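# Tertiary structure, described
Listed here are the chains, written in short residue letters.
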Amino acid sequence: MNFLRGVMGGQGAGPQPSGAETIHKLCDRVASSTLLEDRRDAVRALKSLSKKYRLEVGIQAMDHLIHVLQTDRSDSEIIGYALDTLYNIISNDLEEEEQDDSEEENSQKQTEDLESQFTEIFIKQQENVTLLLTYLEEFDFHVRRPGVKLLTALLKQQGPQVQQVILVSPMGVSRLMDLLADSREVIRNDGVLLLQQLTKSNAAIQKIVAFENAFERLLDIITEEGNSDGGIVVEDCLLLLQNLLKNNNSNQNFFKEGSYIQRMKPWFEVGDDNAGWSAQKVTNLHLMLQLVRVLVSPTNPPGAASSCQKAMFHCGLLQQLCTILMATGVPADILTETINTVSEVIRGCQMNQDYFASVNAPSNPPRPAIVVLLMSMVNERQPFVLRCAVLYCFQCFLYKNQKGQGEIVSTLLPSTIDATGNSVSAGQLLCGGLFSTDSFSNWCAAVALAHALQENAPLKEQLLRVQLATSLGNPPVSLLQQCTNILSQGDKIDRRGSKVQTRVGLLILLCTWLSNCPIAVTHFLHNSANVPFLTGQIAENLGVEERVVQGLCALLLGISIYYNDNSLENYRKEKLKQLIEKRIGKENFIEKLGFISKHELYSRAAQKPQPNFSNPDDMMFDHEFTKLVKELEGVLTKAIYKTTEEDKKEEEVKKTLEQHDNIVTHYKSVIRVQDQELEDLKKQVESLKVQNEQLQARVTQQVSQIQQHKDQYNLLKVQLGKDNQHHSSGNDVVQMNGVQSEEISKLREEAEEWKHKLEQLEEQLREKDSLIEVLKSSPPAVGTSEGSSQTKTGLEVESELHREAETLRAQIHLQTTEIALLQTEKQELLQQMSAAPAPVPGDRGTETADLEGRFTALLQETKELKNEIVGLAEERTSLKQQLDSANSTAAILRTEKSALQQEIAESKKEQDDLLVLLADQDQKIVALKNKLKELGEPVEDEEDTESGDQGEEDEEDGKGERED
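As the structure is a prediction and not an experimental result, all values here were calculated from the model. (Residues numbered from 1 in each chain as written. Predicted model: local features only at pLDDT ≥ 70, side-chain atom pairs only at ≥ 80, totals over all residues. Heavy atoms only, no water.)

### Some thoughts on the overall build of the protein chain
Selection rule: Put simply, DSSP H or I for four residues or longer makes a helix, DSSP E for two residues or longer makes a strand, and each gets a number counted from the N terminus. Only protein chains enter the accessibility calculation, which uses a 1.4 Å probe. A residue is then buried if its area is under 20% of the maximum for its type, exposed if over 50%, and partly exposed in between. Contact definition: two residues touch when any of their heavy atoms are within 4.5 Å. In this description, accessible areas are obtained by the Shrake-Rupley approach with a 1.4 Å probe, and a residue is regarded as covered only by the protein chains that are shown.
Across its full length, the protein chain holds 42 helices and four strands. Here the protein chain, with 964 residues, has 42% of them falling under the buried criterion. The long-range share in the protein chain, meaning contacts at least 24 apart out of those at least 6 apart in sequence, stands at 72%. Accessible surface computed for the protein chain: about 51,900 Å², of which carbon and sulfur atoms make up 50%.

As structure tokens, this is what we get:
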């Protein structure tokens with residue numbers, strides 16, 4: 001500050017220079033000084049004077065400061081001073097600077113315009129804003145923070161112009177988004193404030209900021225700061241989120257598709273003890289609830305709002321809000337805003353409305369949340385805003401919810417009323433509010449009941465069944481009659497609140513009830529006092545406050561004419577029109593009907609569904625009722641001026657339209673059934689497609705597996721049949737020899753098996769030969785019985801020999817085939833061994849010699865196996881010959897048996913011939929023995945045979961004697 005003291009005159013004697021002179025000298029020094037230190041000191045001095053002498057510094061130094069920003073970029077200190085000075089000039093931030101009261105009063109009017117004037121001077125050259133954006137990229141704290149504050153001040157004063165410059169600047173918005181990622185919380189928080197100003201009322205910038213990942217960063221900041229328990233930073237982030245989402249359908253859709261709605265659920269987690277909430281927490285939670293309402297606002301496109309409502313249900317956000325709704329100790333303003341939020345989350349969404357109907361309050365016994373809310377609405381001691389919020393919640397619950405409407409009306413019907421009186425139903429609360437002495441409760445109950453009948457003709461007819469007990473000893477009256485009675489009494493009943501409000505509410509209920517319901521119109525006209533009362537109210541000249549009542553009476557009378565089915569002779573359409581023309585006049589009637597739409601409160605109610613009035617007396621019209629008035633006003637005007645013939649034509653057209661509607665309804669039902677069947681078929685097709693895809697996938701998988709197995713098989717064949725040139729030949733020989741040794745061992749085992757089978761066959765053949773010998777050696781028995789038994793034994797032996805011969809043929813054929821296969825495999829092995837490469841000389845000499853030895857041994861074993869196979873073939877040939885001889889022997893035996901049978905039958909005298917035949921048999925047996933000897937089979941001598949035969953004969957003689 002030594003430089004400043006020199007400029008200001010130091011401590012010497014003499015007059016002190018004025019502030020303007022000092023600023024002028026400092027500006028000259030900034031412009032003319034060649035040393036950076038001098039310019040830096042001068043800018044520092046201007047910064048210190050900029051708050052007190054704001055006008056002078058702004059007028060004289062702004063151009064010099066901008067020039068410093070352009071030329072002294074390399075020195076961050078002077079840049080920081082210049083930015084701070086510009087911020088002090090443009091911003092009216094005088095919290096730290098004290099001023100005299102007189103000076104503040106004199107300059108108050110001037111300072112209001114200084115900010116906008118200096119801002120216009122600065123942004124007149126767009127290059128200044130672009131230059132400021134470049135300084136926001138500097139990481140130096142003393143440059144970046146004053147730059148952020150200066151740009152925020154510019155946006156506050158001239159937002160649209162600065163927004164346009166930033167929008168056309170390359171990467172302008174992206175540079176500002178980098179502020180949210182700054183590790184220094186001060187700069188990050190200032191960045192949030194800057195983005196708040198930047199995103200106001202500019203959809204293009206809002207979209208760019210949203211697609212620069214702003215939602216993710218802001219939600220992370222809110223989580224880091226503690227959600228609703230956080231400080232002012234959470235509030236700033238929530239305000240920025242509202243700027244990005246409000247009235248911006250693109251950002252709302254991006255927010256929903258990015259699954260950011262799910263991240264809002266932790267915001268609304270409250271504990272059991274809700275006492276002692278801080279003011280900041282209340283503010284944060286209030287903004288969080290408003291943010292939810294932004295996503296589901298009725299002014300949003302229906303599709304976007306519906307998708308957000310469903311997402312809030314599936315992620316549990318609606319359940320969390322209902323928990324707050326039923327919690328104890330929640331501040332009144334938070335409870336009110338929560339009710340409004342739940343209202344819009346369930347409005348028009350059947351799934352959410354069904355869930356809300358199932359919510360119970362934590363009381364003993366549990367009561368539905370709707371009943372608890374209605375108790376608050378009809379309680380005049382509750383705050384006005386809370387009662388309005390409950391009414392709005394009830395309206396949203398019934399909006400496009402015929403199921404909910406039916407449940408509310410059913411609580412009024414005689415069959416469903418609880419006779420014990422232990423529980424209070426929603427219908428009882430509405431009736432209690434409708435006939436209470438509080439005018440606002442009357443209006444709220446009437447409007448709520450009107451919403452239960454909205455666009456639901458069957459319920460309007462059912463509500464006619466409701467009977468009310470007025471007093472002891474008097475017969476019950478219908479709800480419709482009671483409403484008209486209270487309406488006709490007017491001001492006779494002492495009520496708290498507006499005198500008009502009760503009648504307006506009842507007229508809204510009656511107009512909604514009678515519209516599009518001829519049966520209700522008939523019940524209304526059946527009371528002879530209703531029409532004179534309406535005509536009297538319309539014809540009178542009442543004050544300004546009563547004009548609304550006159551307009552609603554005209555509307556009710558017009559509905560009674562338009563929806564009249566002429567079932568009552570005294571109140572047909574023609575007679576009612578004549579009555580209007582005589583007592584009121586058509587022009588006067590239309591004029592009174594126009595009082596409704598011309599009323600100021602009607603226009604306010606038509607703007608949005610939520611009833612938003614500061615005074616209970618202002619609650620006159622309902623949003624849905626304004627739609628009904630707009631729909632009927634022109635129709636009723638035409639109906640009043642129509643003649644009888646036109647009415648008849650209209651009736652005919654109505655009947656035609658009704659028939660057409662019935663036909664359309666029928667076809668709609670048919671189409672609905674067909675659509676359902678089509679949907680079922682589509683589902684079946686989809687399931688079959690899925691199954692087909694699964695089967696195709698399995699087939700493809702199996703084909704690939706088969707192909708893999710084929711490839712592996714071919715690879716093994718190639719490895720066995722060919723030499724891999726890329727590997728050493730020694731390894732190939734070892735591998736091939738290993739394979740051959742395995743094959744040879746298998747051949748050996750198979751040869752052993754065939755040898756064993758041949759031995760078994762030879763054994764069987766020997767058994768057959770011995771049996772044949774026994775048959776040949778056995779003499780014919782004496783007597784018929786002996787012949788017959790012998791014949792039987794011969795036949796059995798013959799058949800058994802034939803079967804065994806066939807078995808032997810099959811076994812020999814099978815052995816022949818398998819021997820041929822073995823020979824083929826042996827030839828393949830021989831070819832592989834012959835194709836084996838010669839051993840490679842070198843360092844593996846010993847290994848090659850071993851391999852050659854093994855190879856020679858394998859060749860020798862192969863030759864032995866070949867010899868064994870040749871021997872087996874020879875044995876097979878001999879066995880075949882033996883089988884042929886056995887077959888011929890069997891044939892001879894059959895011939896002999898037949899001859900024996902004949903000889904035994906003729907006479908025992910032919911025994912001599914039989915002896916001759918036996919001699920021939922002996923010769924044949926000798927011949928057979930000779931053949932067997934030639935084949936190399938062992939044959940017993942004749943002496944042994946004779947001795948054996950003699951023994952057998954002796955035994956047979958002994959048997960014969962015993963038998964005799």
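### Thoughts on the side chain of asparagine 564
Which entries qualify depends on this criterion: Whenever a nitrogen or oxygen atom comes within 3.5 Å of another N or O atom, the pair is scored as a polar contact, on the condition that within protein one atom can donate a hydrogen and the other can accept it, and that pairs from neighbouring residues in sequence are kept only if both atoms are in side chains.
Inspection of the secondary structure puts asparagine 564 in the loop between helix 31 (547–562) and helix 32 (573–583). Under the relative-accessibility criterion, asparagine 564 is labelled buried at 5%. Only 2.8 Å separates the side chain of asparagine 564 from the backbone nitrogen of asparagine 566, close enough to count as a polar contact. A distance of 2.5 Å separates a polar side-chain atom of asparagine 564 from the backbone oxygen of tyrosine 571.

### Describing the layout of surface pockets
Cut-off, in case you're wondering: Put plainly, a pocket is an open set of points on a 1 Å grid over the protein atoms alone with protein on both sides within 12 Å along at least five of seven lines, a cavity is a set where a 1.4 Å probe fits but cannot get out, and a lining residue has an atom within 4 Å of a point. Grid points are joined across faces, edges and corners, and a volume is the space filled by probe spheres set on the points. All amino acids are sorted into three groups, where Ala, Val, Leu, Ile, Met, Phe, Trp, Tyr, Cys and Pro are nonpolar, Asp, Glu, Lys and Arg are charged, and the leftover types, Gly among them, are polar.
By volume, the second largest pocket amounts to about 590 Å³. Along the wall of the second largest pocket there are 26 residues; nearest its centre are Arg293, Glu337, Glu344, Lys608 and Gln610. Broken down by secondary-structure element, the contributors of at least two residues to the lining of the second largest pocket are helix 16 (279–295), helix 19 (332–346) and helix 22 (384–398). The dominant element in the lining of the second largest pocket, judged by the number of residues it contributes, is helix 22, at five residues. Classifying every residue of the lining of the second largest pocket by side-chain character gives 10 nonpolar, 11 polar and five charged.

### Things to note about the nonpolar core
Formally: Buried residues of nine kinds, namely Ala, Val, Leu, Ile, Met, Phe, Trp, Tyr and Cys, make up a nonpolar core once their side-chain atoms join them within 4.5 Å.
Core analysis: the largest hydrophobic core is formed by 211 residues, its most contacted members being Leu151 and Leu555. Here this core takes 12 residues from helix 22, the largest share from any one element. In contact with leucine 151, not counting residues within four places along its chain, are Leu132, Leu133, Leu136, Val162, Ile166, Leu176 and Leu194. Among the nonpolar cores identified, the runner-up in size contains five residues, and Trp754, Leu758, Leu765 and Leu872 belong to it.

### Quick look at a nonpolar patch on the surface
The condition is simple: Surface patches are drawn from residues lacking salt bridges whose relative accessible area is over 30%; two like charges belong together within 9 Å, two nonpolar side chains (Val, Leu, Ile, Met, Phe, Trp, Tyr) within 5 Å. By convention in these notes, a salt bridge is any Lys or Arg side-chain nitrogen within 4 Å of a carboxyl oxygen on Asp or Glu.
On the surface, Ile663, Tyr667 and Ile671 cluster together into a nonpolar patch covering about 310 Å² of accessible area. By secondary structure assignment, the location of tyrosine 667 is in helix 37 (residues 644–721).

### Observations concerning the packing of helix 30 (residues 530–539) against helix 31
What counts is decided by this rule: Axis lines are fitted to C-alpha atoms, over the contacting stretch for helices. Their N-to-C directions set the angle, which ranges from 0 to 180 degrees. Roughly parallel means an angle under 35 degrees; roughly antiparallel, over 145; roughly perpendicular, 65 to 115; everything else is oblique. The handedness criterion is simple: a crossing whose near helix is rotated anticlockwise from the far helix by less than a right angle is left-handed, and one whose near helix is rotated clockwise is right-handed.
In contact at an axis separation of 9 Å, helix 30 and helix 31 are set at 140° when each is read in the N-to-C sense. Our classification of the angle between helix 30 and helix 31 gives oblique. Our pair here, helix 30 against helix 31, has a crossing hand that is left-handed. Only Val549, Gln550, Cys553, Ala554, Leu556 and Leu557 of helix 31 make contact with helix 30, whose side of the interface consists of Leu534, Thr535, Gln537 and Ile538. Counted by class, the contact of helix 30 with helix 31 contains seven nonpolar, three polar and no charged residues.

### Points about helix 14 (residues 232–245)
Keep this limit in mind: In this analysis, the expected span of each helix is defined as 1.5 Å times one less than the number of residues it contains.
For helix 14, with 14 residues, the first-to-last C-alpha span of 20 Å sits near the 20 Å given by 1.5 Å per residue. Here helix 14 lies mainly inside the structure; 12 of its 14 residues are buried. All of the buried residues in helix 14 are Val233, Val234, Glu235, Asp236, Cys237, Leu238, Leu240, Leu241, Gln242, Asn243, Leu244 and Leu245. Against the buried residues of helix 14 lie helix 11 (185–198), helix 12 (203–211), helix 13 (214–224), helix 15 (249–257) and helix 16. Positive backbone phi, approximately 60°, marks asparagine 247, located one or two places after helix 14.

### Here we look at the packing of aromatic side chains
Heads up, the rule is: Two aromatic rings, drawn from Phe, Tyr or Trp (for Trp, its six-membered ring), form a pair once their centres lie within 6.5 Å of each other, and the interplanar angle then sorts them: stacked below 30 degrees, edge-to-face above 60, tilted otherwise. Whether a charge sits over a ring depends on NZ of Lys or CZ of Arg being within 6 Å of the ring centre and within 35 degrees of the ring normal.
On inspection of all chains with the given rule, the structure shows 11 aromatic pairs. On the numbers, 4.9 Å between centres and 90° between planes, the contact of tyrosine 562 with tyrosine 563 is edge-to-face. We note that tyrosine 562, like tyrosine 563, is buried. Feature note: the residues Phe211, Phe215, Phe254, Phe255 and Tyr260 constitute an aromatic cluster, connected by ring pairs. Here the basic side chain of arginine 73 rests over the ring of tyrosine 135, its NZ or CZ set 4.7 Å away from the ring centre. In this structure, arginine 184 packs its charged tip against the face of phenylalanine 139, placed 3.9 Å from the ring centre.

### Overview of the pattern of salt bridges
Scanning the entire structure with this criterion turns up 23 salt bridges. Two residues, aspartate 182 and arginine 144, come together in a salt bridge whose shortest N-O distance is 2.7 Å. With aspartate 182 in the loop between helix 10 (172–177) and helix 11 and arginine 144 in helix 8 (residues 141–157), this pair connects stretches of sequence that are 38 residues apart. Judged by relative accessible area, which is 7%, aspartate 182 ranks as buried.

### Thoughts on unusual backbone geometry
Omega for the bond connecting asparagine 364 with proline 365 falls within 30 degrees of zero, at 0°, which places this linkage in the cis form. Following the sequence through the fold, proline 365 ends up in the loop between strand 1 (360–361) and strand 2 (367–368). With phi around 55°, methionine 171 is a residue other than glycine that occupies positive phi space. Mapped onto the elements, methionine 171 comes out in the loop between helix 9 (159–168) and helix 10. Phi is positive for serine 259, which is not a glycine, with a value near 60°. Structurally, serine 259 can be placed in the loop between helix 15 and helix 16.

### Focus on helix 21 (residues 369–377)
Most of helix 21 sits inside the fold, with seven of its nine residues counted as buried. Regarding helix 21, the residues found buried are Ala369, Ile370, Val371, Leu373, Leu374, Ser376 and Met377.

### A short note on the environment of leucine 412
With respect to the element layout, leucine 412 can be found in the loop between helix 23 (402–410) and helix 24 (426–434). A residue is classified by how much of its surface remains accessible, and leucine 412, at 5% relative accessible area, is buried.

### A short note on the packing of helix 22 against helix 23
Between helix 22 and helix 23, whose axes approach to 7 Å, the crossing angle comes to 120°. In this view, helix 22 runs oblique relative to helix 23, as classed from their interaxial angle. Facing Phe394, Phe397 and Leu398 of helix 22, the residues of helix 23 in contact are Gly404, Gln405 and Ile408. Within the contact of helix 22 with helix 23, the residues separate by chemical class into four nonpolar, two polar and no charged.

### Focus on the side chain of serine 515
With respect to the helices and strands, serine 515 occurs in the loop between helix 28 (501–514) and helix 29 (518–526). For serine 515, a relative accessible area of 4% translates into the label buried. Apart from residues no more than four positions distant in its own chain, serine 515 is found in contact with Lys460, Ile559, Tyr563, Leu628 and Leu632.

### Side note on a negative patch on the surface
Quick note on the threshold: Within this scheme the basic residues Lys and Arg register as positive and the acidic residues Asp and Glu register as negative, but His and the chain ends are omitted. Charge coordinates come from a single atom per side chain, which is NZ of Lys, CZ of Arg, CG of Asp or CD of Glu.
Residues Asp675, Glu677, Glu679 and Asp680 make up a contiguous surface patch of negative charge. With respect to the secondary-structure elements, glutamate 679 resides in helix 37.

### Side note on the confidence of the model for the protein chain
Counted only if it meets this: What pLDDT expresses is the predictor's confidence in each residue, scored from 0 to 100.
Mean pLDDT over the protein chain works out to 81, with 78% of the residues at or above the 70 mark. A low-confidence stretch, residues 724–739 stays under pLDDT 50, and its non-local contacts, those more than four residues away or across chains, total 20 contacts. Counting interchain partners and residues more than four positions distant, the pLDDT-below-50 stretch residues 958–964 has one contact.

### Topic: the environment of arginine 40
Relative to the helices and strands, arginine 40 is located in helix 3 (residues 36–50). Look at arginine 40 and you get buried, because its relative accessible area is 13%. Arginine 40 sits 38 residues away from isoleucine 78 along the chain, and the two C-alpha atoms are 5.1 Å apart. When sequence neighbours within four positions are dropped, the list of residues in contact with arginine 40 reads Asp75, Glu77, Ile78 and Tyr81.

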